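Okay, here's what each chain looks like letter by letter:
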Amino acid sequence: MPPFAQDYARYILAAAPFMITSFVMNNILRAQGNAVFSMVGITAGGILNMFLDPVLIFGFHMGISGAAIATMVSQMVSFSILLFQCNMQKGCIAIRISRFTPTLKMYGEILHAGLPSFCRQGLASVATVALNFAAGPYGDAAIAAMSIVSRFMMFVNSSLIGFGQGFQPVCGFNFGAKRYDRVLEAFWFCVKVAVVMLTSFGIAAFVFSRPIITTFRREDQEVIRIGTLALRLQLATMPFQAWVIMVNMLTQSIGYGFRASLVAMGRQGLFLIPALWIFPGVFGLLGLQLCQPVADMLTFVLATGIVMGVLKELRQMRDEEALSERRGLS
């Protein structure tokens, strides 16, 4: 392992238990509808990290170790805030070691519900490696350009995923309460908002694609040329990405783990990785730039096929529940 990586990993690994536990408490709070508490805990650590980085790296001349220590301290602060909120705020599930009674059934349910997120995030890392390998034959400019585009699109998709995670508790609460009418209403509302939001953003970013890429590599015209086209091709699929993510959030929230995992795997796993093996060899650099948009469209088709069946089931459950209520009243 290179020296810089060793210096960084030494502190990050020490902070890993706090980071993992913070993620868990963050989701516990959000799942209970306490999104503000969750946001405060995570945001406080992020802001602290931003301030500590320059202080430790440059002020104390600690280099890469300073960056790692800043992250470690920030994660510990987030952990403390989230733990305080879970245990001290009214209406929150308290964290108690005495209540820790794990069972295989419990872990099975957790894995079933969390598999879509694992697939989405795990395959994103694999896809990044595959993208770098596929871009390698076209030189450093292609690698840099595709990396810039990937990071920019990751930022956009993270924002949409955040919006979708706000939909999940609403969906889960109402599904558990057998208010299937509200599940459907919330889903279609969020789809409309997400599509409008991403379409508007996509149009604006499409127009300013070249300045966006130039911001990252102003001096390299080849990177700008390759990145501008790649970014515009991906921005063209933004409305479809909104649909895919909301379908993923719906299926995951109501416990359809396998179908949610298929949708989560589609964009950067089932379709992107094979496209990276095939398209560059057939179409050259243009094929590399087309891989993600093609994967997005194929994922849209897959998600549509899956959600049509899910929506049909939800409508049937809604009608059966309404009929049962009318019989009860009569």
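Refer to the structure above for everything that follows.
Residues numbered from 1 in each chain as written. Predicted model: local features only at pLDDT ≥ 70, side-chain atom pairs only at ≥ 80, totals over all residues. Heavy atoms only, no water.

Caption draft 1: The nonpolar core, seen in detail. Counting 62 residues, the largest nonpolar core has Phe167, Phe187, Leu250 and Leu314 as the members making the most contacts within it. Sorting the residues of this core by element identifies α4 (104-135), α5 (140-176), α6 (180-207), α7 (209-216), α8 (221-235), α9 (238-253), α11 (272-283) and α12 (285-329) as the ones contributing at least two each. The leading source of residues in this core is α5, at 14 residues. Apart from the residues within four sequence positions on either side, Phe167 is in contact with Ala186, Phe187, Cys190, Met246, Met249 and Leu250. Residues Met25, Leu29, Cys86 and Cys92 belong to the second largest nonpolar core, which totals six residues. (Core = buried A, V, L, I, M, F, W, Y, C linked by side-chain atoms within 4.5 Å. Buried < 20%, exposed > 50% of the residue type's maximum accessible area, 1.4 Å probe, protein only. Helix = DSSP H or I, 4+ residues; strand = E, 2+ residues; numbered from the N terminus. Contact = heavy atoms within 4.5 Å.)

Caption draft 2: Structural detail: the packing of α5 against α6. At a minimum axis separation of 9 Å, α5 and α6 run at an interaxial angle of 170°. The angle between α5 and α6 places the two elements in the roughly antiparallel class. On α6, the residues that touch Phe152, Val156, Leu160, Phe163, Phe167, Val170, Cys171, Asn174 and Phe175 of α5 are Tyr180, Arg182, Val183, Ala186, Phe187, Cys190, Val193, Ala194, Met197, Leu198, Phe201 and Ala205. Of the residues in the contact of α5 with α6, the class split is 19 nonpolar, one polar and one charged. (Axes fitted to C-alpha atoms, helices over the stretch in contact; angles between N-to-C directions. Parallel < 35°, antiparallel > 145°, perpendicular 65-115°, else oblique. Nonpolar A, V, L, I, M, F, W, Y, C, P; charged D, E, K, R; others polar.)

Caption draft 3: The side chain of Gln289, seen in detail. Here Gln289 is to be found in helix α12. Judged by its relative accessible area of 4%, Gln289 is buried.

Caption draft 4: Main features of a nonpolar patch on the surface. Residues Leu229, Trp277, Ile278, Val282, Phe283 and Leu286 make up a contiguous nonpolar surface patch of roughly 670 Å² in combined accessible area. With four residues, α11 is the single largest residue contributor to the nonpolar patch. Locating Leu229 in the fold gives a position in helix α8. Accessibility expressed as a relative area gives 37% for Leu229, which makes it partly exposed. (Patch = residues over 30% accessible without salt bridge, like charges linked within 9 Å, V, L, I, M, F, W, Y side chains within 5 Å. Areas by Shrake-Rupley, 256 points an atom, 1.4 Å probe, with all protein chains shown as cover. Salt bridge = Lys/Arg side-chain N within 4 Å of Asp/Glu carboxyl O.)

Caption draft 5: Representation of helix α2 (residues 35-59) within the structure. With 25 residues, α2 ought to run about 36 Å at 1.5 Å a step, and its terminal C-alpha atoms sit 35 Å apart, in line with that. The largest bend in α2 amounts to roughly 30° and is located at Leu52, with the proline Pro54 lying one to four residues further along. Burial in α2 covers these residues: Ser38, Gly41, Gly45, Asn49 and Leu56. Phi turns positive one or two residues past the end of α2, at His61, with a value near 55°. (Expected span 1.5 Å × (residues − 1). Bend = angle between axes of the 7 residues up to and from the residue.)

Caption draft 6: Region of the structure containing the packing of aromatic side chains. The tally for this structure, following the rule as stated, stands at eight aromatic pairs. On the numbers, 6.1 Å between centres and 20° between planes, the contact of Phe152 with Phe201 is stacked. Here the residue Phe152 occupies a position in helix α5, and Phe201 occupies one in helix α6, the gap between them amounting to 49 residues. Residues Phe175 and Tyr180 carry aromatic rings whose centres are separated by 5.5 Å and whose planes lie at 70° to one another, so their mutual orientation is edge-to-face. Per residue, the accessibility class of Phe175 equals that of Tyr180, and both read buried. One aromatic cluster in this structure is built from Phe187, Trp188 and Trp243. (Phe/Tyr/Trp six-rings, centres within 6.5 Å; stacked < 30°, edge-to-face > 60°.)

Caption draft 7: Structural detail: the environment of Gln32. Among the structural elements, Gln32 can be located in the loop between α1 (3-31) and α2. Taking the C-alpha atoms as reference points, Gln32 and Pro169, 137 residues apart in sequence, are found 7.0 Å from one another. Residues contacting Gln32, with those up to four places away along its chain left out, are Gly91, Cys92, Ile93 and Phe173. Polar side-chain contacts of Gln32 include one of 3.0 Å to the backbone oxygen of Ile28. At a separation of 2.9 Å, a polar atom in the side chain of Gln32 contacts the main-chain amide nitrogen of Ile93. (Polar contact = N/O pair within 3.5 Å; in protein donor to acceptor, adjacent residues only side chain to side chain.)

Caption draft 8: The arrangement of the environment of Val247 in detail. When you line up the elements, Val247 lands in helix α9. Exposure remark for Val247: the relative accessible area of 0% places this residue in the buried category. Sequence-wise, Val247 and Ala260 are 13 residues apart; in three dimensions their C-alpha atoms are separated by 7.9 Å. Apart from the residues lying within four places of it in its own chain, the contact partners of Val247 are Phe187, Val263, Ala303 and Val307.

Caption draft 9: Structural detail: the environment of Gln289. Expressed as a C-alpha distance, the spacing of Gln289 and Gln234, which sit 55 residues apart in the sequence, is 8.5 Å. Ignoring sequence-local partners within four residues, the contact set of Gln289 consists of Met146, Ile226, Leu229, Ala230 and Leu233.

Caption draft 10: Structural view of the side chain of Thr228. With respect to the helices and strands, the residue Thr228 is situated in helix α8. A residue is classified by how much of its surface remains accessible, and Thr228, at 7% relative accessible area, is buried. Setting aside residues no more than four positions away along its own chain, Thr228 makes contact with Ser209, Arg210 and Ile213.

Caption draft 11: Broad picture of the pattern of salt bridges. Per the stated rule, a full pass over the model turns up eight salt bridges. The partner of Arg267 in a salt bridge is Asp296, and the shortest N-O contact between them spans 2.6 Å. Pair noted here: Arg267 is in helix α10 (residues 257-270) and Asp296 is in helix α12, with a separation of 29 residues, a long-range link. Using a relative accessible area of 3% as the deciding quantity, one classes Asp296 as buried. Put simply, Asp319 and Arg318 hold a salt bridge, and the shortest N to O gap is 3.3 Å. A relative accessible area of 42% means that Asp319 is categorised as partly exposed. Judged by its relative accessible area of 30%, Arg318 falls in the partly exposed class. Salt bridges linked by common partners bring Arg217, Glu219 and Asp220 together as one network.

Distances and angles like these do not, on their own, reveal function.
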